[in-house]
Amino acid sequence: KQWTEKAEKLLLGKKIVKVQWMGEDDAEEMDWHSKPVCIQLDDGNWIFPMRDDEGNDGGALAVGPEETLPVF
């Protein structure tokens, strides 16, 4: 329940205002080999998939039952 409440506070009711793949400089700064899709919300926060909760590389993002946004 705690994580659901946190996720709702961060995401519920927000609008997507920008979509782009992570740039080479940002990936290098994070020491990542993969460059995932990044989603900016109307509050200025960015959402991007990570390989794990420790931030070890970017990850693909499943969208619905049949689509996946890849990493590069």
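Rules used throughout
The residue numbers shown here count from 1 along each chain, following its written sequence. Local features in this predicted model are restricted to residues whose pLDDT is 70 or higher, and side-chain atom pairs enter the listing and the counts only when it is 80 or higher, whereas totals over whole chains, interfaces and linings include all residues. For side-chain calculations, the full set of non-hydrogen atoms in the structure is used, while hydrogens and water are omitted. Any two strands between which DSSP finds at least two bridges are classified as paired. The numbering of helices and of strands both runs from the N terminus, where a helix is a DSSP run of H or I of at least 4 residues and a strand a run of E of at least 2. Surface patches are drawn from residues lacking salt bridges whose relative accessible area is over 30%; two like charges belong together within 9 Å, two nonpolar side chains (Val, Leu, Ile, Met, Phe, Trp, Tyr) within 5 Å. Surface accessibility in these figures is a Shrake-Rupley result with a 1.4 Å probe; residues are shielded only by whichever protein chains are displayed. The term salt bridge refers to a pairing of a side-chain nitrogen on Lys or Arg with a carboxyl oxygen on Asp or Glu at a separation within 4 Å. Counting rule for charge: Lys and Arg are taken as positive, Asp and Glu as negative, and neither His nor the chain ends is counted. Charge placement uses NZ in Lys and CZ in Arg. For Asp and Glu, CG and CD serve respectively. Residue exposure (1.4 Å probe, protein chains only): buried if accessible area is under 20% of the type maximum, exposed if over 50%, otherwise partly exposed. Whenever two N or O atoms come within 3.5 Å, that pair is a polar contact, provided that in protein one can donate a hydrogen and the other can accept it, and provided that, for residues adjacent in sequence, both atoms are side-chain atoms. Any two residues whose heavy atoms approach within 4.5 Å at even a single point are treated as in contact.

### Considering the sheet that holds strand β2 (residues 37–41)
Taken together, the three strands give an open sheet; going across it, the order is β1-β2-β3, and neighbouring strands pair in antiparallel fashion. In the strand order of this sheet, the two ends are held by β1 (16–21) and β3 (46–47), each with one partner. Of the strand pairs in this sheet, β2 and β3 are connected by two bridges, and their pairing is antiparallel. Considered in β3, the bridge of Ile 39 is made with Ile 47.

### What to know about a negative patch on the surface
On the surface, Asp 25, Asp 26, Glu 28, Glu 29 and Asp 31 cluster together to form a negatively charged patch. Within the element layout of this structure, Glu 28 appears in helix α2 (residues 24–29).

### Quick word on the pairing of β2
Along a regular strand, successive side chains alternate from one face of the sheet to the other. Across the five residues of β2, five count as buried, placing the element largely inside the fold. Residues Val 37, Ile 39 and Leu 41 line one face of β2 and the alternating positions Cys 38 and Gln 40 line the opposite face, and both faces are buried. Here β2 folds back onto β3, and the loop between the two strands holds four residues, one of which, Gly 44, carries a positive phi near 95 degrees.

### Remarks on the environment of Arg 51
Take Arg 51: it is sitting in the loop between β3 and β4 (61–63). Along the primary structure Arg 51 and Val 17 are separated by 34 residues, whereas in three dimensions their C-alpha atoms are 24 Å apart. Here Gly 58 takes part through its backbone oxygen, which lies 3.3 Å from a polar atom of the side chain of Arg 51.

### A look at the side chain of Lys 35
Tracing the sequence through the fold places Lys 35 in the loop between α2 and β2. The buried category is assigned to Lys 35, whose relative accessible area is 19%. Engagement of the side chain of Lys 35 in a polar contact is seen with the side chain of Glu 24, the distance being 3.1 Å. Residue contacts for Lys 35: discarding those within four places in its chain leaves Trp 21, Met 22, Gly 23, Glu 24, Ala 27, Pro 70, Val 71 and Phe 72.

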